[in-house]
Amino acid sequence: MAKKKVLILNGPNLNLLGKRQPEIYGKLTLAQIEQKVRMLARELGIEIEFRQSNSEGELVTWIQEAANKFGAIVINPAAYTHTSLAMRDAVSALGIPTVEIHISNIHQREPFRHHSFIAEVAVGQIAGFGVDSYLLGLRAAAELIQE
Ligand code: DQA
């Protein structure tokens, strides 16, 4: 049976990676991160789609539509992690597994970053490994689509 695809979603301001607080988020641009993720996907033999939006509504729509086309989602919800009940509801309605990722360790940062609406409905959360959080997230999703 053909393996299902993995949808990788990126929330607001992640389009600024590379120049946005490099001491926290590193020097790679989102396009460079996408390249690394694509290389790993090829190695793992899985297909991916990689998207970014600054709009909460667009992200909610993409999550809603994912069930038809994808076996799992890897999401860096960025600031919406800490605010978005709408994204949480979309993930919990979805019926396919979601892996939450963060470049930084949100639990070591400001108290307002410690709570995640998404973690409560995700399979698990990977945070603090820099760009490798994306690669670890993809590996986790690859396992989940085998199950
Ligand atoms: C982030 C952490 C969030 O708190 C922050 O708002 C981001 C990026 C991360 O990848 O470390 O935009 O999700």
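Bear in mind that the values here come from a model prediction, so they are computed numbers and not experimental data.

Undergrad: Would you take a moment to explain the overall build of the protein chain for this structure?
TA: Helix and strand counts for the protein chain stand at five helices and five strands. Counting from the amino terminus, the protein chain carries its helices and strands in the arrangement β-α-α-β-α-β-α-β-β-α. Computed over its C-alpha atoms, the radius of gyration of the protein chain comes to 14 Å, within 12% of the 15 Å expected for a compact globule of 147 residues. Its C-alpha atoms put the protein chain at 45 × 30 × 25 Å along the principal axes. The buried share of the protein chain, taken over its 147 residues, is 48%. Taking the intrachain contacts of the protein chain between residues at least 6 apart in sequence as the baseline, contacts between residues at least 24 apart amount to 74%. Within the structure as shown, the protein chain displays about 7,400 Å² of accessible surface, and the carbon and sulfur contribution to it stands at 51%.

Undergrad: Just to check I follow, could you spell out the site of the ligand for this structure?
TA: Residues in close proximity to the ligand include Arg20, Tyr25, Asn76, Ala78, Ala79, His82, His102, Ile103, Ser104, Ile106 and Arg113, which together make up its full environment. For the ligand, an oxygen atom lies 3.2 Å from a polar atom in the backbone of Ala79. Ser104 is positioned with one of its side-chain polar atoms (N or O) 2.6 Å from an oxygen atom of the ligand. Protein contact buries 99% of the 330 Å² of open area that the ligand shows by itself. Residue composition of the shell around the ligand, by class: five nonpolar, four polar and two charged.

Undergrad: What exactly am I supposed to notice about the packing of helix H2 (residues 30–44) against helix H5 (residues 132–146) here?
TA: Packed helix pairs are specified by the crossing angle of their axes together with the interaxial distance, meaning the distance between the axes. At a closest axis distance of 10 Å, the pairing of H2 and H5 adopts a crossing angle of 35°. As H2 runs across H5, the sense of the crossing is right-handed. For the pair H2 and H5, contact is made by Leu30, Ile33, Lys36, Val37, Leu40, Ala41, Glu43 and Leu44 and by Tyr134, Leu135, Leu138, Arg139 and Ala142, respectively. When its residues are assigned to classes, the contact of H2 with H5 shows ten nonpolar, no polar and three charged.

Undergrad: Where do I start with unusual backbone geometry in this structure?
TA: The general pattern is negative phi for most residues beyond glycine and trans for most peptide bonds. Here Asn13, not a glycine, exhibits a phi torsion of approximately 75°, which is positive. One can find Asn13 in the loop between strand E1 (5–10) and helix H1 (22–25). Although it is not a glycine, Gln21 adopts a positive phi angle of roughly 35°. Tracing the sequence through the fold places Gln21 in the loop between E1 and H1. On the basis of relative accessibility, which here comes to 36%, the residue Gln21 falls in the partly exposed class.

Undergrad: Mind showing me how you'd approach empty space enclosed by the protein here?
TA: The gaps left among the atoms become clear once a water-sized probe is rolled over them. Under the defined criterion, the tally for this structure stands at one cavity of 30 Å³ or more. There is about 140 Å³ of room inside the largest cavity. Around the largest cavity, the lining comprises 14 residues; the ones closest to its centre are Tyr25, Asn76, Ala78, His102 and Arg109. Considered class by class, the residues forming the lining of the largest cavity number six nonpolar, five polar and three charged.

Rules used in this analysis
- Residues numbered from 1 in each chain as written.
- Predicted model: local features only at pLDDT ≥ 70, side-chain atom pairs only at ≥ 80, totals over all residues.
- Heavy atoms only, no water.
- Helix = DSSP H or I, 4+ residues; strand = E, 2+ residues; numbered from the N terminus.
- Rg over C-alpha atoms; globule rule 2.2 N^0.38 Å.
- Buried < 20%, exposed > 50% of the residue type's maximum accessible area, 1.4 Å probe, protein only.
- Contact = heavy atoms within 4.5 Å.
- Areas by Shrake-Rupley, 256 points an atom, 1.4 Å probe, with all protein chains shown as cover.
- Near = heavy atom within 4 Å.
- Polar contact = N/O pair within 3.5 Å; in protein donor to acceptor, adjacent residues only side chain to side chain.
- Nonpolar A, V, L, I, M, F, W, Y, C, P; charged D, E, K, R; others polar.
- Axes fitted to C-alpha atoms, helices over the stretch in contact; angles between N-to-C directions.
- Left-handed = near helix turned anticlockwise from the far one by under 90°.
- 1 Å grid on protein atoms, 1.4 Å probe; cavity = no way out; pocket = protein on both sides within 12 Å on 5 of 7 lines; lining within 4 Å.
- Points joined across faces, edges and corners; volume = space filled by probe spheres on them.

These results come straight from atomic positions and should not be treated as a statement about function.
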